[in-house]
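Examining the three-dimensional arrangement
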Amino acid sequence: MSKWIDLTQTLAEDSPTLPPLHPKPEFEDYATLADDDYNSTILHCETHCGTHMDAPTHFLSKDEYRTIDEITIDEMVTEGVVCDFTDKEPNEGISREELAAEAERHNLSAGDHLIFDCGMAPADTEEYLKNFVYPEKEAAEYMVEQDIACFAIDALSADKPGAALEDHHVHYTLLPEDILIIEGVANLDSVEAGRYDVICTPIPYENRDGSQVRLLVRPKD
């Protein structure tokens, strides 16, 4: 049987975050083995750093849309497709036509997780934080038509670099349709394009907009 592959960033105080709005995580010793005979840590962490999931309420009202604690087990243990867009140049968009060709090649199906490999690894660099590859609005509309459950990408944002909030077309296309978004995927150089079993486990923070996830994939036998 194929082994599970971890596509999750290790979260640390120097983990890259999108400037200028998103703070870096902070770890504070609450207790230490030397002083208290046990170790415990206080974590100050925004819900949208590292490998994380956007619930619909990241951009939409909690009165009408789901929060992160409402994600079901069936959504966490599922199947999906990795699509290879590593040939794209920095700050270049992925068109509907390019996505459709890749999706059809790997039999993208309703309810799948769709994972974009754009050749990026977490780093405090201009390319990762300000010049990342992204899906165009029409590509997001194609995802809705295909009835996917979740879109994941190795950038820290699903939308065009530098886009104003009102121009976050991917978020505003997917989230109202209850399509989840995962950003900050890592280690995609460990996988090839194709179909996978997927495990993705958000933390059920009550009535919140998102959380870090553990994202695992395993090639379909």
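Residues numbered from 1 in each chain as written. Predicted model: local features only at pLDDT ≥ 70, side-chain atom pairs only at ≥ 80, totals over all residues. Heavy atoms only, no water.

Remarks on the packing of helix α3 (residues 96-105) against helix α5 (residues 137-145)
Running from N to C, α3 and α5 point in directions that differ by 40°, and their axes come no closer than 8 Å. As α3 packs across α5, the resulting crossing turns out to be right-handed. Residues Arg96, Leu99, Ala100, Ala103 and Glu104 of α3 pack against Glu138, Ala139, Glu141, Tyr142, Met143 and Glu145 of α5. Class assignment for the residues of the contact of α3 with α5 results in six nonpolar, no polar and five charged. (Axes fitted to C-alpha atoms, helices over the stretch in contact; angles between N-to-C directions. Helix = DSSP H or I, 4+ residues; strand = E, 2+ residues; numbered from the N terminus. Left-handed = near helix turned anticlockwise from the far one by under 90°. Contact = heavy atoms within 4.5 Å. Nonpolar A, V, L, I, M, F, W, Y, C, P; charged D, E, K, R; others polar.)

Considering the side chain of aspartate 197
Note that aspartate 197 resides in strand β11 (residues 194-202). Aspartate 197 gets classed as buried once you look at its relative accessible area, which sits at 14%. Reaching out from aspartate 197, the side chain makes a polar contact with the side chain of lysine 220 at a distance of 3.0 Å. Look past the residues within four positions of aspartate 197 in its chain and what remains in contact with it is Trp4, Thr78, Glu79, Leu216, Val217, Arg218 and Lys220. (Buried < 20%, exposed > 50% of the residue type's maximum accessible area, 1.4 Å probe, protein only. Polar contact = N/O pair within 3.5 Å; in protein donor to acceptor, adjacent residues only side chain to side chain.)

Let's talk about the packing of aromatic side chains
The tally for this structure, following the rule as stated, stands at three aromatic pairs. Ring centres of phenylalanine 116 and phenylalanine 151 lie 4.7 Å apart, and the angle between their planes is 80°; this geometry places the pair in the edge-to-face category. In this pair, phenylalanine 116 sits in strand β7 (residues 113-117) while phenylalanine 151 sits in strand β9 (residues 150-153), placing the two residues 35 residues apart along the sequence. (Phe/Tyr/Trp six-rings, centres within 6.5 Å; stacked < 30°, edge-to-face > 60°.)

What to know about the environment of aspartate 54
Residue position: aspartate 54 is located in strand β4 (residues 52-54). Taking relative accessible area as the criterion, aspartate 54 reaches 0% and is therefore assigned buried. Between the C-alpha atoms of aspartate 54 and isoleucine 68, which are 14 residues apart in sequence, the distance is 7.6 Å. When near neighbours in sequence (up to four residues on either side) are disregarded, aspartate 54 contacts His48, His171, Leu175, Leu180, Ile181, Glu183 and Asp209. A distance of 3.0 Å separates polar atoms of two side chains, one belonging to aspartate 54 and the other to histidine 171.

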